[in-house]
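# Examining the three-dimensional arrangement
Here is how the chains run, residue by residue.
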Amino acid sequence: MRRLVAHRRGRRTARTAALLTVDFAGLFIGVFIAYAAQAAVGSSAFIFADALGDTWGLVPLLFALTALLFAEAGLYGARESRPGMTRTIVTLSRVAVVVLIVAVISGSREANPWLLLTGFVLSLTMITVLRFGYGWVTGRLLRSIGYKRRAVLVGTRSGIDTIAPMLGATSQTTYETLGFFTLDHTPSGELEDLGDVDSLPVWLDHNGVEEVIITDPDLPQDRAVKLIEACQVRGVRVRIAPSTVEVLTGSGEPVPGEGVPLLEVRAPAFDGLDYAVKRTFDFVVSAIALILLAPFLALFALAVKLTSRGPVFHRSIRPGIGGQPFRCLKFRTMYSDAEERQHELEPLNEASGAIFKIRDDPRVTPVGRFLRLNSIDELPQLINVLRGQLSLVGPRPLPLRDHARLEDWHRRRYSVLPGITGLWQISGRSDLTFDDMVRLDFLYIEKWSVLLDLTILLKTIPAVVRRRGAY
C-alpha cells in the first residue's frame with residue numbers, strides 16, 4: 001500500500017511539475033512578444049537582448065503569482081478533474097488585475113494599458129495552446145500503453161446497473177471496473193461480486209485500486225463515513241452519485257467530462273503545491289515573529305523561572321498530523337505536580353466532549369494565569385512551526401488525555417498539521433462545544449487559502465485582547 005501511495009504521489013508531482021513548466025513557458029513567450037510588439041508600435045528599434053531582459057525581470061514574480069492562483073483554482077489537478085478554459089481566463093484575469101495595481105502604485109511602465117492587455121491576451125493564448133498540447137500528447141501516451149483507471153463500485157444492484165454502463169461514456173477517463181461491493185447482496189450483471197461493503201477496507205489493503213464509486217444515493221450515514229474514511233487514509237479517490245451523500249460529506253466537487261454526473265469527495269488534507277505554499281508562509285512568518293518577540297519571550301521565561309519551581313517550558317506530548325506524537329512547547333503555567341493531580345479534578349470538568357477545562361484550575365500559578373489569559377503561553381510554539389510540527393493556523397492539537405476520548409469522525413481533523421490558532425480561537429474558544437470546534441476545523445480545511453490564514457491571524461489579536469473563552 002505504501003508503494004501504491006508513493007507511486008500516485010510521484011505521478012501527481014510529475015504532473016504538477018509539467019504543468020508548471022508549461023505555464024512558465026506560456027507566460028514567458030507571451031510577455032516577450034508583448035514587449036517586442038510595444039517596441040515595434042513605438043517605432044523604436046527592436047533589440048532582442050533588451051526585450052529578453054525585460055521579460056526575465058517580470059516573469060518570475062508574475063509566474064509565482066500565476067502558479068499560486070492556478071493552484072487555488074484547481075488547474076494543477078488530475079486530467080479528468082481539471083477545470084477548462086473558462087477557469088483559466090478568470091484566474092489569469094485576476095493575475096492581470098494584481099499586476100496592474102502594483103504597477104500603478106509603483107509607477108512602473110507595466111502600468112501601460114496597451115502593454116498589459118497585449119501581454120494578457122498573448123500569455124492566455126500561449127498557456128491555452130501549450131496546455132492543450134500537453135493534454136493531447138499525454139493522453140495519446142496513456143492510451144498507447146493501455147492505461148485504465150482501476151475502480152470498484154459500491155451500492156445496490158439498481159444503482160450499480162445504472163452507473164456501470166455510463167462510466168465508459170467519456171473521452172476523459174477509461175475505467176477498468178474490477179467489481180462491486182453490495183449493500184443488498186444481489187448479483188449485478190457481469191461484474192464480479194467482491195462481497196459486503198464492510199469488507200471493502202480489507203480488500204483495498206490487498207488490491208491496487210484508484211477509485212471507489214458510490215452508486216447508491218441512500219447509503220446509510222454511518223456506513224458512508226466509515227467507507228470514505230477507509231478510502232482516504234489509503235489514498236484512494238472517492239466519487240459519488242450526487243444525493244444525500246453529497247450533503248453528508250459537505251465537500252463534493254463536480255467532476256467535468258464524465259458520462260455520469262459524479263462528485264468527488266476531497267480528502268481533508270493539504271498536499272502538493274497547497275502544502276508548499278502553506279509551509280513557506282508558516283516558516284517565514286514564524287521566523288520573523290520569533291526575531292521580533294525574542295526580548296519579550298526572554299522576560300516571560302524569566303518570570304516563569306523566578307516565581308515557581310520547575311522548568312520554563314512545558315513539553316506536552318500531543319498527536320500531530322496523522323496522529324504522530326510530538327512535543328508541543330508552551331511556557332509552563334502550572335505547578336510541577338499538575339499531571340499527578342489531573343484525576344482528582346476530572347469531576348470538575350466544565351468543557352463538553354473530549355476537552356478538559358476548568359475556569360479556576362487550582363494547579364495554575366499566578367504568572368501562569370496571566371500568561372494563559374493573554375495567550376502568551378502559546379508563543380513558544382512558533383519553534384514547533386519552524387520545525388514543521390505545527391502550522392500557524394490549523395486545528396488545535398489536543399493533549400493525549402483528550403485525544404483518547406475522540407470519536408472516529410473527530411480524528412479526521414488530524415489529516416493536516418495542527419495549528420497555534422484557528423477558527424475556533426476567533427469564534428469563542430472555550431465557550432464553544434467540542435463538536436462545534438471540530439466542525440470549524442473541517443470548514444477551515446475545506447475553505448483554506450493564504451488570505452484565510454492571514455484573516456485568522458489578524459482576528460486572533462482582538463480575540464486575545466477580549467479574552468473571551470480564555471481560561
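Everything numeric in this text was worked out from a predicted model, so none of it was measured.

The next thing to look at is the overall build of the chain. What the chain contains, in helices and strands, is 15 helices and 11 strands. Taken over 471 residues, the chain has a buried fraction of 44%. Of all intrachain contacts in the chain linking residues separated by at least 6 positions in sequence, the fraction that spans at least 24 positions is 71%.

What follows concerns a nonpolar patch on the surface. Together, Phe-283, Val-284, Val-285, Ile-288 and Leu-292 make up a nonpolar patch on the protein surface, roughly 440 Å² of accessible area in all. Within the secondary structure, Phe-283 is located in helix α9 (residues 272–307). The exposure class assigned to Phe-283 is partly exposed, which follows from its relative accessible area of 44%.

Here we come to the packing of aromatic side chains. As enumerated under the stated definition, the model contains eight aromatic pairs in all. Here the aromatic residues Phe-24, Phe-28, Trp-56 and Phe-63 are joined through ring pairs into a cluster of three or more.

Turning next to the pattern of salt bridges. Within this structure, the stated rule accounts for six salt bridges. For Lys-278, the salt bridge goes to Asp-453, with nearest N and O atoms at 2.8 Å. You can see Lys-278 sitting in helix α9 and its partner Asp-453 sitting in helix α15 (residues 450–466), a full 175 residues away along the chain. The residues Lys-278 and Asp-453 share a single accessibility class, namely buried. In the salt-bridge network here, residues are joined through shared partners; they are Lys-330, Asp-377, Glu-378 and Arg-396.

To continue, consider unusual backbone geometry. Glycine aside, residues mostly have negative phi, and peptide bonds are mostly found in the trans state. Not every positive phi belongs to a glycine, and Ser-375 is a case in point at roughly 60 degrees. Relative to the helices and strands, Ser-375 resides in the loop between α11 (366–373) and α12 (381–387). Residue class for Ser-375 comes out buried when judged on its relative accessible area of 14%.

Turning next to the confidence of the model for the chain. Considering every residue of the chain, the mean pLDDT works out to 75; 75% of them sit at 70 or more. The spread of mean pLDDT over the elements of the chain runs between helix α8 (residues 244–249), the lowest at 41, and α12, the highest at 92. Counting interchain partners and residues more than four positions distant, the pLDDT-below-50 stretch residues 243–254 has 28 contacts.

Attention now goes to the side chain of Arg-15. For Arg-15, the position within the fold is in helix α1 (residues 2–41). Residues in contact with Arg-15, not counting those within four places in the same chain, are Tyr-76, Gly-77, Ala-78, Arg-82 and Tyr-134.

A few words now on the environment of Phe-28. Following the sequence through the fold, Phe-28 ends up in helix α1. Through-space distance from the C-alpha of Phe-28 to that of Pro-60 is 8.9 Å; in sequence the pair is 32 residues apart. With residues up to four places along the chain from it excluded, the contact list for Phe-28 reads Leu-52, Thr-55, Trp-56 and Val-59.

Next up on the list: the environment of Asp-196. When you line up the elements, Asp-196 lands in strand β3 (residues 193–196). Measuring from C-alpha to C-alpha, the distance between Asp-196 and Val-154 comes to 9.1 Å, with 42 residues separating the pair along the chain.

Glancing now at the side chain of Asp-282. Relative to the assigned elements, Asp-282 resides in helix α9. Here Ser-391 takes part through its side chain, which lies 2.6 Å from a polar atom of the side chain of Asp-282. Beyond its immediate stretch of four places on either side in the chain, Asp-282 contacts Val-385, Ser-391 and Leu-392.

Another aspect to go through is the pairing of strand β9 (residues 325–331). Counting buried positions along β9 yields five of seven residues, so the element is predominantly enclosed. Relative to β9, strand β8 (residues 313–319) runs antiparallel, the two being bridged by seven bridges. Residue Arg-315 lies in a different strand from β9, and its bridge partner there is Leu-329. A loop of five residues connects β8 with β9, the two strands running antiparallel in sequence, and Gly-322 in this loop sits at a positive phi of about 70 degrees.

If you look at the biggest cluster of nonpolar residues, it comprises 29 residues, and the most contacted ones within it are Leu-62, Phe-70, Tyr-76, Leu-92 and Val-95. Where this core is concerned, the elements lending two or more residues are α1, α2 (48–72), α3 (85–106) and α4 (113–144).

With respect to the helices and strands, Thr-16 occurs in helix α1. As a C-alpha pair, Thr-16 and Gly-77 span 61 residues in sequence and 7.7 Å in three-dimensional space.

The rules behind the values
Residues numbered from 1 in each chain as written. Predicted model: local features only at pLDDT ≥ 70, side-chain atom pairs only at ≥ 80, totals over all residues. Heavy atoms only, no water. Helix = DSSP H or I, 4+ residues; strand = E, 2+ residues; numbered from the N terminus. Buried < 20%, exposed > 50% of the residue type's maximum accessible area, 1.4 Å probe, protein only. Contact = heavy atoms within 4.5 Å. Patch = residues over 30% accessible without salt bridge, like charges linked within 9 Å, V, L, I, M, F, W, Y side chains within 5 Å. Areas by Shrake-Rupley, 256 points an atom, 1.4 Å probe, with all protein chains shown as cover. Salt bridge = Lys/Arg side-chain N within 4 Å of Asp/Glu carboxyl O. Phe/Tyr/Trp six-rings, centres within 6.5 Å; stacked < 30°, edge-to-face > 60°. pLDDT = per-residue confidence, 0-100. Polar contact = N/O pair within 3.5 Å; in protein donor to acceptor, adjacent residues only side chain to side chain. Pairing = 2+ DSSP bridges. Core = buried A, V, L, I, M, F, W, Y, C linked by side-chain atoms within 4.5 Å.

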